Amino acid sequence: MGDERKWVYGFDEVEAAEAYMGGSWDGVRGLMGGKGANLAEMTRVGVPVPPGFTVTTEACNAYLKAGAKFPGEMWEQALSALKHVEEQTGKTFGEASNPLLVSCRSGAKFSMPGMMDTVLNIGLNDDVAVGMVKLIGDDRFVYDSYRRLVQMFGTVVLGLESEPFEEVLSEYRKHHKVDNDAALPPEALKEVVERFKVLAPAFPQDPIDQLRLATEAVFKSWNGKRAFDYRNAAKIAHDLGTAVNIQTMVFGNMGMDSATGVAMTRDATTGEDHIEGDFLINAQGEDVVAGTRPTKAMDDMAVEMPGLYEEFRAIAKNLENHYREMQDMEFTVERGKLWILQTRDGKRTAQAAVRIAVDLAEEGLITKENAVMKVTPDQVDFFLHPQFSVEAKKAAVDAGSQIATGLNVSPGAAVGVVAFDADLAEKWSKEDGKKVIMVRPETKPDDVHGMLAAQGILTKLGGRTSHAALVARQFGKPAVVGVSALDIDMANRQMNVDGKVINEGDWISIDGTIGEVFLGALDTVIPDLSDPWLSKLLGWADEFRTLGVWANADYPLDAQRARQNGAEGIGLCRTEHMFFEPERIPVVQKMITTESDEERRQALDTLLPLQREDFAGLFRAMDGYPVIIRLIDPPLHEFLPAFEDLTGELAQLQIKTAAGDDVAAQLADTQDMLERVEALREANPMLGTRGVRLGIMMPDLTKMQVRAIIEAACIVSQEGVDVHPEVMIPLTSHVNELKRQQTVLEAEAKVVMEEQGVDVDYKFGTMIEIPRAAITAAEIAEYAQFFSFGTNDLTQTTFGISRDDAESGFLIDYLSEGILAENPFASIDEPGVGKLMEWAVEQGRATRPDLEVGICGEHGGDPKSIDLCHRLGLNYVSCSPFRVPIARLAAAQSAIIHK
Ligand code: PEP
Ligand code: MG
């Protein structure tokens, strides 16, 4: 007994598919594939779609599972669907006097452009060709269609090499002195067909056999290498299968009143509300996508075919309103009649994604909430991608290094060495760590792995909707295509541009934002966030999010950048960074090495006004917002010269002494320093005298820091600045540490305020970055008025792995072998570290209900970790100023998802 399922749905049977999937549209897309579902949906809303039917993804999966065998009644159902199409079109499949021709295309749930197979013009054979010539009187067109079928069938279905077919065509083009195949005379095309049939002896004359074999080829292409690689890169599941869409052929190459094109309802690069795309009069779809003939812009269609353009524009608006999303459409005009072949959500750049989301919301098609959900944190990240610096670009232009221009199809600046094929691009990037620009005549689906490994993509051919452009945009790779000035010589691995020779391995720079190509490696800069649509979108995100977004900033300039990017506080100022400044380091070293109390006090007195100024600058920049300043954290040896350097220096000095040089004073100093360094040396400094432990051992140092903080706060508050300092004690593991250190420091804060005669609103708190602190959070919260999770150390200490070494050591193997699914230093390990955090929040707030809890480890800028922080009820996340916009969006998305 076979499986009696319905395996085939006509485009006019979308209701039945919907019923089968329990009313779920996502289910229909899963069943019929994105393309099939859309064709059926377009048919339902009255868009002119050539009749056809879809063989489901379930059939594909059953076919592959059964070892290449159609399931149940699938083929009988397909044949009866074909009968229905014959009725709808009034044409008959395989009937020479009035033939129906069909296309057979793949269509998975998620779009995988060009990754699987397509066969066009199915139904043509020797007899049908003769009949069609009689019917339409255009033998050039008929034999051009026929040779396309044999060629595609040969390469796609029979798996033959494409070169022999191309060679035949090129021979005929040369002979007839034409530069494109469509211009060959009919007799030549007839001969080409015969030559092709010799190259593809298994090409079947029976149209039903053609259809069956093409269907099987599409099913099998799901497991092809390029489809498999693409799914890995795009994170698409491997078990979804592809549907097969069999659809009446309509022809854009039936004369000057015929055309074909691809167009987006909005500009896919900028997001502007303007139809953008390519079209060609008297051509078939593949001519447009492959970029083999120079295409025309849709604006030209408005001039050359005004009535049809208007009709297309109305349908485009209609579809965009229906799907509430920018659409990417394929169309054909056959003898003056417009047909829509396909529509899908259009791929776009990050800039366009933001603008389109905001515009759609402002046009009332979607809500602000939808708009915030439509843009990914990665796309916001892309706004922060490098662009060429103005100076570097000017210098390059002045030096004549701007060598070519092309289409700006995917924005951003990319710099790398030229690699002329995908395998080399991948090898150079992955194995040799080189930055690569992949340069090709045009890209094909087989090139995707190289494109992913490259910094940017440059092609000679192709338009805005070419394969290179689509893939580059999807993966945020800068790309310039259609650079006709490139003369690529694959045999000699070089290209010639206007007389300049560029060899494989030479540096070039490309600007995908405006479409320019430069010789050499240009300097890049991070742009600022002035895009008005992004500002609006992030403003909406702020309305939805409940998590605060703060920044980690050590200097006033960082703080200003953080404010510009929308930070609402500083979650971490690492004060030790200020000690590392070159003019301060000798004073810091004196403070650490001296045996004399007096000298130590002097050193601290020198540091005090410097620190005070640092903090005052931060408070001024963060007027009205909290500023968390962390007391010194690293072990003291980090401020001193390395032990190994000192022993080397000492040996040198001893040699000089033996040679009679007078270096006695230097020798004594080096000896002293070495002794001090030796005394401070620890086997595991990250687990040694650092953080609060150091503060307890050297209370004068942390007292000086607190004095500097509170004095600065008093001073700027008298200037009228609204200051909220929060003093953070690092690396606490036991409540008694906090009790001891905080008591001393609070007393100092009070003294300073009395001296200054000013009251400031301050808090004391601690980092939670040791598991014991998280576990005993209830006790810790008796002292701490705030917690900040230091997830860098908390991850290190929870796993017991070194944050400094692991990421370049065994962690790489752990990740590649799947022992850990994710790098815990990039995304919080929820079951382990996350559990400790959950417990600490709960216990801390049980003791102190108004306890402020945040995070300042690197995870504070990671969208997945931000989601965890939202769920745990943290007050804020704190991250690098550059990631603040990403965190604002991610926090809003978490708030919307978990509403
Ligand atoms: C942390 O440990 O997460 C933290 C923010 O502190 P640092 O990285 O300075 O140790
Ligand atoms: Mg830490």
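To keep things clear, this report deals only with the structure shown in the data block. Bear in mind that the values here come from a model prediction, so they are computed numbers and not experimental data. (Residues numbered from 1 in each chain as written. Chains lettered and ligands numbered in written order. Predicted model: local features only at pLDDT ≥ 70, side-chain atom pairs only at ≥ 80, totals over all residues. Heavy atoms only, no water.)

### Considerations on the side chain of asparagine 245
1) Next: Structurally, asparagine 245 is set in strand β7 (residues 242–248).
2) Next: Among the residues examined, asparagine 245 registers a relative accessible area of 1% and is labelled buried.
3) Next: Here threonine 54 takes part through its side chain, which lies 2.9 Å from a polar atom of the side chain of asparagine 245.
4) Next: Contact partners of asparagine 245, with chain neighbours within four places excluded, come to Phe11, Met32, Lys35, Gly36, Leu39, Phe53, Thr54, Ser103, Cys104, Arg105, Ser106 and Gly107. (Helix = DSSP H or I, 4+ residues; strand = E, 2+ residues; numbered from the N terminus. Buried < 20%, exposed > 50% of the residue type's maximum accessible area, 1.4 Å probe, protein only. Polar contact = N/O pair within 3.5 Å; in protein donor to acceptor, adjacent residues only side chain to side chain. Contact = heavy atoms within 4.5 Å.)

### Considering the pattern of salt bridges
1) Next: All told, the structure shown has 60 salt bridges when counted by the stated rule.
2) Next: A salt bridge links aspartate 144 to arginine 147, with the nearest nitrogen and oxygen atoms 3.1 Å apart. Placement of the pair is aspartate 144 and arginine 147 together in helix α6 (residues 139–157), with a separation of three residues, close to one helical turn. Summarising the burial analysis for this pair, aspartate 144 and arginine 147 share the class buried.
3) Next: Taken together, the shared-partner salt bridges connect Glu576, Arg630, Asp633, Arg690, Asp793 and Arg803 into one network. (Salt bridge = Lys/Arg side-chain N within 4 Å of Asp/Glu carboxyl O.)

### Quick word on the site of ligand 1
1) Next: By nearness alone, 14 residues border ligand 1, and Arg574, Gly790, Asn792, Asp793 and Arg803 come closest of all.
2) Next: Backbone polar atom of asparagine 792 to an oxygen atom of ligand 1: 2.7 Å apart, as the coordinates give it.
3) Next: Here an oxygen atom of ligand 1 sits 2.7 Å away from a polar atom, N or O, in the side chain of arginine 803.
4) Next: Considering ligand 1 on its own, with 290 Å² of exposed area, one finds that the protein chains cover 95% of that surface.
5) Next: Mapped onto the shell around ligand 1, the elements with two or more residues apiece are β27 (570–574) and α33 (791–799).
6) Next: In terms of residue count, the dominant contributor to the shell around ligand 1 is α33 (three residues).
7) Next: Of the residues in the shell around ligand 1, the class split is three nonpolar, four polar and seven charged. (Near = heavy atom within 4 Å. Areas by Shrake-Rupley, 256 points an atom, 1.4 Å probe, with all protein chains shown as cover. Nonpolar A, V, L, I, M, F, W, Y, C, P; charged D, E, K, R; others polar.)

### Some words on the packing of α6 against helix α8 (residues 186–199)
1) Next: The N-to-C vectors of α6 and α8 enclose an angle of 20 degrees; their axes lie 8 Å apart at closest approach. Comparing their axes, α8 and α6 come out roughly parallel. Considering how the two elements wind past one another, α6 and α8 form a crossing that is left-handed. Mapping the contact onto sequence places Asp139, Arg140, Tyr143, Asp144, Tyr146, Arg147, Val150 and Gln151 in α6 and Pro186, Leu189, Lys190, Val192, Val193, Phe196 and Lys197 in α8.
2) Next: Residues of the contact of α6 with α8, tallied by class, amount to eight nonpolar, one polar and six charged. (Axes fitted to C-alpha atoms, helices over the stretch in contact; angles between N-to-C directions. Parallel < 35°, antiparallel > 145°, perpendicular 65-115°, else oblique. Left-handed = near helix turned anticlockwise from the far one by under 90°.)

### Here's the deal with the coordination of the magnesium ion (ligand 2)
1) Next: All of the protein donors around the magnesium ion (ligand 2) are Glu769 (OE) and Asp793 (OD); their distances to the metal are 2.0 to 2.1 Å. With glutamate 769 in the loop between β30 (763–768) and α31 (771–775) and aspartate 793 in helix α33, this pair connects stretches of sequence that are 24 residues apart. (Donors = N, O, S within 2.8 Å, 3.2 Å for Na, K, Ca; no water.)

### Examining the sheet that holds strand β11 (residues 327–334)
1) Next: The strand order across the open sheet formed by five strands is β10-β9-β8-β11-β12, and the pairing between neighbours is antiparallel. A strand with exactly one partner marks an edge of an open sheet, and here the two such strands are β10 (296–297) and β12 (337–345).
2) Next: The pairing of strand β8 (residues 259–264) with β11 spans six bridges and is antiparallel. In the strand pairing of β11, methionine 264 is matched with aspartate 328.
3) Next: In this fold helix α13 (residues 306–323) packs onto β8, β11 and β12, with an angle of close to 150 degrees to the strand it touches most, β11. (Pairing = 2+ DSSP bridges.)

### Looking at the environment of phenylalanine 619
1) Next: Relative to the helices and strands, phenylalanine 619 resides in helix α25 (residues 597–621).
2) Next: For the pair formed by phenylalanine 619 and alanine 713, sequence separation is 94 residues and the distance between their alpha carbons is 7.2 Å.
3) Next: Beyond its immediate stretch of four places on either side in the chain, phenylalanine 619 contacts Val627, Ile629, Ile709, Ala712, Ala713, Val716, Val721, Val723 and Pro725.

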